Amino acid sequence: MSIEQLNHYQRKLAYEMDSWDLYVALGENEPITVVDGRSAEAYAQEHIPGALNLPHREICFNSTESLDKSKLYVCYCDGIGCNASTKTALKLLTLGFQVRELIGGLDWWKRDGYATAGDGAQPGTEIKCGC
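Right, let's walk through the structure included here. (Residues numbered from 1 in each chain as written. Predicted model: local features only at pLDDT ≥ 70, side-chain atom pairs only at ≥ 80, totals over all residues. Heavy atoms only, no water.)

Now for the nonpolar core. The nonpolar side chains of soluble globular proteins are, as a tendency, buried together. Counting residues in hydrophobic clusters, the biggest one holds 17 residues, and the most contacted among them are L22, I32, V34, I48, V74, Y76 and W109. For this core, the secondary structure elements donating two or more residues are α2 (19–27), β2 (32–36), β4 (72–76) and α6 (105–111). With four residues, α2 is the single largest residue contributor to this core. Ignoring sequence-local partners within four residues, the contact set of V34 consists of L22, L26, I48, A51, L52, V74 and Y76. (Core = buried A, V, L, I, M, F, W, Y, C linked by side-chain atoms within 4.5 Å. Buried < 20%, exposed > 50% of the residue type's maximum accessible area, 1.4 Å probe, protein only. Helix = DSSP H or I, 4+ residues; strand = E, 2+ residues; numbered from the N terminus. Contact = heavy atoms within 4.5 Å.)

Following this line, the structure appears as structure tokens:
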């Protein structure tokens, strides 16, 4: 076993989350806010239920001052061909938020069979509150 490789995978898991992990965390009411870093138009068309729309181009101190810094913010965009989730995570991180990036974004959320919300919502497994 290589310590370098072990450190790589540990760091990767500290910065990313997959759809299953997010689904479970939301169902267990973990202090997570899901952030859609795409445009308002893309969000209106389809998004992860309960996600906050915070387009990365609009992120600044003023647009985030009401957000709770004790929560984990899981950022996503369309998928692997889009870097809005990375830009969102980077901007939130520089403002002092705890962030992770959703691997595969909205595309993988849907591929894993989870429901979406919005004008173009798709059916799927609903997030069940663990309350």
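A word on the sheet that holds β2. The five strands are arranged β1-β5-β4-β2-β3 in an open sheet whose pairing can be described as parallel. Among the strands making up the open sheet, the edge pair consists of β1 (16–17) and β3 (52–53). The pairing of β2 with β3 spans two bridges and is classified as parallel. Bridge pairing in β3 links D36 to N53. Sitting on the sheet, helix α1 (residues 3–15) touches β1 and β5 (98–102), and the angle it makes with β5 is about 100°. Against the sheet, helix α5 (residues 84–94) contacts β2, β4 and β5, and its axis sits at roughly 155° relative to β4. (Pairing = 2+ DSSP bridges. Axes fitted to C-alpha atoms, helices over the stretch in contact; angles between N-to-C directions.)

A surface patch of nonpolar side chains, about 370 Å² in accessible area, is lined by M1, I3 and L6. In this fold, L6 is placed in helix α1. (Patch = residues over 30% accessible without salt bridge, like charges linked within 9 Å, V, L, I, M, F, W, Y side chains within 5 Å. Areas by Shrake-Rupley, 256 points an atom, 1.4 Å probe, with all protein chains shown as cover. Salt bridge = Lys/Arg side-chain N within 4 Å of Asp/Glu carboxyl O.)

Per the stated rule, a full pass over the model turns up four aromatic pairs. Summarising the aromatic geometry, the rings of Y23 and Y114 are spaced 4.7 Å apart at their centres and angled 20° between planes, so their arrangement reads as stacked. Of this pair, Y23 sits in helix α2 while Y114 sits in the segment after α6, placing them 91 residues apart in sequence. On the basis of relative accessibility, which here comes to 14%, the residue Y23 falls in the buried class. Judged by its relative accessible area of 6%, Y114 is buried. With a centroid separation of 4.6 Å and an interplanar angle of 40°, the aromatic rings of W109 and Y114 are classed as tilted. Comparing W109 with Y114 shows no difference in burial state: the two are buried. Here the aromatic cluster, defined as three or more aromatic residues joined through ring pairs, consists of W20, Y23, W109 and Y114. (Phe/Tyr/Trp six-rings, centres within 6.5 Å; stacked < 30°, edge-to-face > 60°.)

Shape is all these values report; function is a separate question.
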